[in-house]
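Reading the structure
Residues per chain, in single letters:
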Amino acid sequence: MTDFKRDGSHLAYCPPVEKWDDWVELDPEAWPRRVEKHYQLVPTVCFNCESACGLLAYIDKTTGQIAKFEGNPMHPASRGRLCAKGPATINQIHDPDRVLYPMKRVGERGAGKWTRTTWDEVLETFGTRIRKAIQEGRGEEVMYHVGRPGHDFIMERMLQAWGIDGHNSHTNVCSSSARLGYLLWHYADRPSPDHANARFILLLSAHLESGHYFNPHAQRIIDGKMAGAKLAVMDPRLSNTASMADYWMPTYPGTEAAVLLAMAKVILDENRFDAAFVRNWTNWEELEVDGFKARGQSFEDTVEVLKKHYACFTPQFAEKESGVKAEVIVKIAREIAAAGSRFASHLWRGSASGNLGGWQPARALMLLHVLTGSVGTEGGHNLNAWNKFVPKTFKVPPPQKRWNELLYPKEWPLCTHEMSFLLPHFLKEGRGRIEAYFTRVFNPVWTYPDGFSWIEMLRDEEKVGLHAALTPTWSETAWFADYVLPMGFSSERHDLMSQESYAGKWIGFRQPVNRVLRERAGEKFEYTYQANPGEVWEEDEFWINLSWAIDPDGSMGIRQYFESPYRPGQKLTVDDYYGWIFDNSVPGLPEAAKKEGLTPLQYMRKYGAFEVTRDVYKQNEKALSAADLAGAEVDPNDVVRKQGKPVGVMIDGKPMVGYNTPSRKLELFSKTMADWKWPEFTLPEYYRSHIHRSAQAASIDQATDDFDPKYTPKVEWPKDARGEVYTLLPIFRLPNLIHTRSGNAKFLYEISHKNPLWVNPVDAKKLGGARTGDLIKVHTEIGYFVLHAWVTEGLTPGVVACSHHLGRWRVNEDQQVERMSSAWVDLKEVGKGQWKMRQVETVSPYASSDPDTKRVWWSDAGVHQDITFPVHPDPVSGMHCWHQMVRVEKAGPDDRYGDIFVDTNLSFAVYERWKALARPAPGPGGLRRPLWIPRVVRPEESAYYIK
Ligand code: SF4
């Protein structure tokens, strides 16, 4: 593929920028007549996953309506291409069931009765409650909880301006384990693989078809393959990605680290590693293992100790654990070594998110990069922090002085993100309450494990005083809110986006298309909701106005951060906010804009994206500047320190920036792990997941020597759980759906609307000869769900699988719901904490303002599995370990498709068993967590100490 060019010449078939004001296409509906349609094209950024691809909105010049969305060729990461979810934005904005006005509950929470209210009333209500909480020193009772992130910069500004520690996120059900594995090596908690220039690509899970940074990465993986790179995929499932690979390694789930360490052993034993890189750029001199201390010893002796340490990870051992043939492991290890610095890989969810100890595969994978010297290289593994652009803003509020233990409790001091999925249990334990709760594009009742515990929490006004669901669509969670506040899709609001999509750094500008277009025509708007459908607002303006509502006269010191940098004392506008950032904080943008006679803001409104730099490799080797070195000292470990804080490292006598770790090198040996009570995990290791076969055997009281209760709590089955024990993989994605947000996209639900249970034929036989379409009952530790079987060889025997994204439900027949994607259910609490759900009616055609809803031909919305899962907080990373040990049987005569039962008393007991495995703070010096590890919306240092 031709690479991205700023003039757009890499995509000849996309509309060239000079024609965006009057783009002409023939009207397909008029065929065979040749009738021209004239469009105005306005760029924005897709909101349907984290990749942030560039969209072009096609606005029909006759109707003034957005007619479709296609790819923006001027976007450096997506290069004019989209996945199916990008163009489906058109369904979302025209969804006849969408929330168009701020709504307020009338009657009891969860009763489903709503009345329209005004934005002024919302601001007044929340402004008063939050002001009072802050003034009374109860700031921690105000919480913002984000599902799909976005507008991160203004959120951080807002929370710190309010002086509260109130940011919660979904990350601990998503990627925390992978993040911990990466950050222990190099502080950056995400990889940025340079797939396009790699010679060998290793993907753990289905990254090419549905993974993190899906479309931007997928096209570069294909670039790499077309240039000759080999592709290997480690995944228990024969995903579309695995089917395109040169090697498929169907590991037994949770054994991936064993395979990776066996590969490392091959590379070490055969001396195929990059010794110069390991010597220069790892902290090998700090290694203390198996009674050996490297300090004062030679590098060669240390390598011999490493070889001995990993001697147990023979390819034969890895084969026994994982099922992957030893000779395949050896062959791939040698190919990785041969690729050397051009070895790229990716791991994000999959094994990391599914398993107890899921952070170890990321650490083991990084060991392969370190051994091959493929860190920071062309075609290798780069750091997200090097490729993601983070803008600076004006007048930044100081960090908050407080620490919120509902977010970062003592038990999990190494969690990378907030322990958000445990919130209902924390409140049940009496750790606190919430006065004002904002959920933003967030549907924990449906997307989190243990959703019935969320319902119990949300309906309890003692625990949650006031709850606003900020959302573009109705959801299972919004149902239990006090306010449902309509927020915009990608073409209805502002935002800045940047991701580590390739070997470059870019920034994308999401913008409200109608407002931009009408302002170009001379209209003026105070707020975006005046130009959007209904009164759909955007978060930026909502938070600015809420901050003014909390502090109307500025006496609390909050309002000053939401005043214009250009017009002192006046309210900040979105043009002020983004204009200042583009004027002052994006290198090269003012110059590029000037060349075209535009302001930087006008340039971004015109193109929608800007590539900041391609100088991204080997940032660790950048020389420390004279200013960095002024007053600095070099300590005995060659770390350059300024006022005691590490700022660089001496390499071959030269002061270099290095990595953001305590040693400023890649941390092969993690002293942090030893200091924080995990001395057995100072090096990359493998330990058995909670769904390992030994744990399965222990769960049915079979003798097992391998089960280690130190890391894995024993499963206690509900008394009526029957059937064979299996591992359930519940987290693979479908490429065309995205959790709650695609529920109103008819193009997408037409493609996928069913999530059957994948069963290998070997296992189908054990299940009494189960066939595709048979009803199967799956028992978890806290309940069960009933769904259809799909018998397939594309899955390791002993494992069953069910996809993400499906099983939406609604408790009323036809109001405030996405009817094309949800089943109408009868939901009952049949005993204290005992919940039963049965489908009353599945999907069927219905009348609405969209004639297509009468043409809905599918009759299934899938089955909601996540709500039957207990929480499994990993004792180290804190991440929810998604894979489930389940018992599977054929459904009985009383079971119906979609039936669900859960006992939240059992889920609390499982929570307590997992919590008991954690090793709580304090750490050294009375710290709550290591100072060097990043934290979202970081408080000031004094808050890190337990008083
Ligand atoms: S990968 Fe698809 S859903 Fe994600 S941002 Fe790109 S087009 Fe949108």
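Going by the structure above, here's the rest.
Predicted model, so just to flag it, every value in this text is computed and none were measured. (Residues numbered from 1 in each chain as written. Predicted model: local features only at pLDDT ≥ 70, side-chain atom pairs only at ≥ 80, totals over all residues. Heavy atoms only, no water.)

Remarks on the overall build of the protein chain
Rules: The numbering of helices and of strands both runs from the N terminus, where a helix is a DSSP run of H or I of at least 4 residues and a strand a run of E of at least 2. Think of it in three bands: with a 1.4 Å probe and only protein chains considered, a residue is buried below 20% of the maximum accessible area for its type, exposed above 50%, and partly exposed in between. A contact between two residues is defined here by any heavy atoms of the two lying within 4.5 Å. Think of it this way: Lys and Arg go in the positive column, Asp and Glu in the negative one, and His and the chain ends go nowhere. A charged residue contributes its charge at one atom only: NZ of Lys, CZ of Arg, CG of Asp or CD of Glu.
Looking only at helices and strands, the protein chain features 29 helices and 36 strands. Taken along its principal axes, the extent of the C-alpha atoms in the protein chain is 75 × 75 × 70 Å. A total of 947 residues make up the protein chain; the buried ones form 65% of that total. Across the protein chain, the fraction of contacts at a sequence separation of at least 24, relative to all contacts at a separation of at least 6, is 71%. Taking the 115 positively charged and 120 negatively charged side chains of the protein chain as two groups, their mean positions are separated by 1 Å.

Here we look at empty space enclosed by the protein
So the rule is basically this: Put plainly, a pocket is an open set of points on a 1 Å grid over the protein atoms alone with protein on both sides within 12 Å along at least five of seven lines, a cavity is a set where a 1.4 Å probe fits but cannot get out, and a lining residue has an atom within 4 Å of a point. Grid points are joined across faces, edges and corners, and a volume is the space filled by probe spheres set on the points. Classification convention: Asp, Glu, Lys, Arg as charged; Ala, Val, Leu, Ile, Met, Phe, Trp, Tyr, Cys, Pro as nonpolar; all other residues, Gly among them, as polar.
Applying the stated rule across the entire model yields 12 cavities of 30 Å³ or more. Considered as a void within the structure, the largest cavity measures approximately 430 Å³ in volume. Within the lining of the largest cavity, the residues separate by chemical class into 10 nonpolar, 11 polar and six charged. By volume, the second largest cavity is sized at about 340 Å³. Ser205, Ala206, Gly350, Ile731 and Phe732 are the residues nearest the centre of the second largest cavity, which is lined by 24 residues in total.

Here we look at the pairing of strand β36 (residues 900-903)
Note the following rule: For two strands to be treated as a pair, DSSP must find at least two bridges joining them.
Residue alternation in β36 divides its side chains into two sets, Ile900 and Val902 and Phe901 and Asp903, and both sets are buried. The pairing of strand β30 (residues 783-791) with β36 spans three bridges and is antiparallel. From the neighbouring strand, Phe785 faces β36, where its bridge partner is Ile900. Pairing geometry for strand β34 (residues 834-841) and β36, over four bridges, is antiparallel. Pairing of Lys836 across the sheet is with Phe901, part of β36.

Section: the packing of aromatic side chains
Our working rule: Paired rings are identified among Phe, Tyr and Trp, the last through its six-membered ring, by centres lying within 6.5 Å, and are further divided according to the angle between planes into stacked (under 30 degrees), edge-to-face (over 60) and tilted (the rest). By the criterion adopted, a ring carries a charge over it if an Arg CZ or a Lys NZ lies within 6 Å of its centre and within 35 degrees of its normal.
Scanning the entire structure with this criterion turns up 50 aromatic pairs. Measuring from centroid to centroid gives 5.5 Å for Phe681 and Tyr711, while their planes differ by 40°, and the two rings are tilted. Within this pair, whereas Phe681 is found in the loop between α25 (671-675) and α26 (693-699), its partner Tyr711 is found in the loop between α26 and β27 (724-729), the two being separated by 30 residues in sequence. You can call Phe681 buried: its relative accessible area is 4%. Ring plane angle 70° and centroid distance 5.2 Å describe the contact between Phe732 and Trp758, whose orientation is recorded as edge-to-face. Of this pair, Phe732 sits in the loop between β27 and α27 (746-751) while Trp758 sits in strand β28 (residues 757-759), and the two are 26 residues apart along the sequence. Given the relative accessible area of 11%, Phe732 is considered buried. Here Arg693 stacks its cationic end above the ring of Tyr252, 4.4 Å away from the centre of that ring.

Here we look at the layout of surface pockets
The computed volume of the second largest pocket comes to approximately 790 Å³. Considering the residues around the second largest pocket, the lining is formed by 28 residues, among which Pro646, Thr661, Pro662, Leu931 and Trp932 are closest to the centre. Mapped onto the lining of the second largest pocket, the elements with two or more residues apiece are β24 (639-642), β25 (645-651) and α25. Tallied by class, residues from the lining of the second largest pocket come to 12 nonpolar, six polar and 10 charged.

A closer look at the sheet that holds strand β23 (residues 633-634)
Through backbone hydrogen bonds, the strands of a sheet pair up, either in parallel or in antiparallel fashion. If you trace the four strands from one edge of the open sheet to the other, you get β23-β24-β25-β26, paired in antiparallel fashion. Every other strand in the sheet has two partners, leaving β23 and β26 (654-656) as the edge strands with one partner each. In the sheet, β23 pairs with β24 via two bridges, with the strands oriented antiparallel. Residue Val634 lies in a different strand from β24, and its bridge partner there is Val640.

A closer look at helix α20 (residues 539-550)
The following threshold applies: Expected span of a helix, by definition, is 1.5 Å for each gap between consecutive residues, and there is one gap fewer than residues.
In this model α20 runs 16 Å from its N-terminal to its C-terminal C-alpha over 12 residues, within 8% of the 16 Å that 1.5 Å per residue would give. Taken across its 12 residues, α20 has 12 buried, putting it largely inside the fold. Residues Glu539, Asp540, Glu541, Phe542, Trp543, Ile544, Asn545, Leu546, Ser547, Trp548, Ala549 and Ile550 constitute the buried set of α20.

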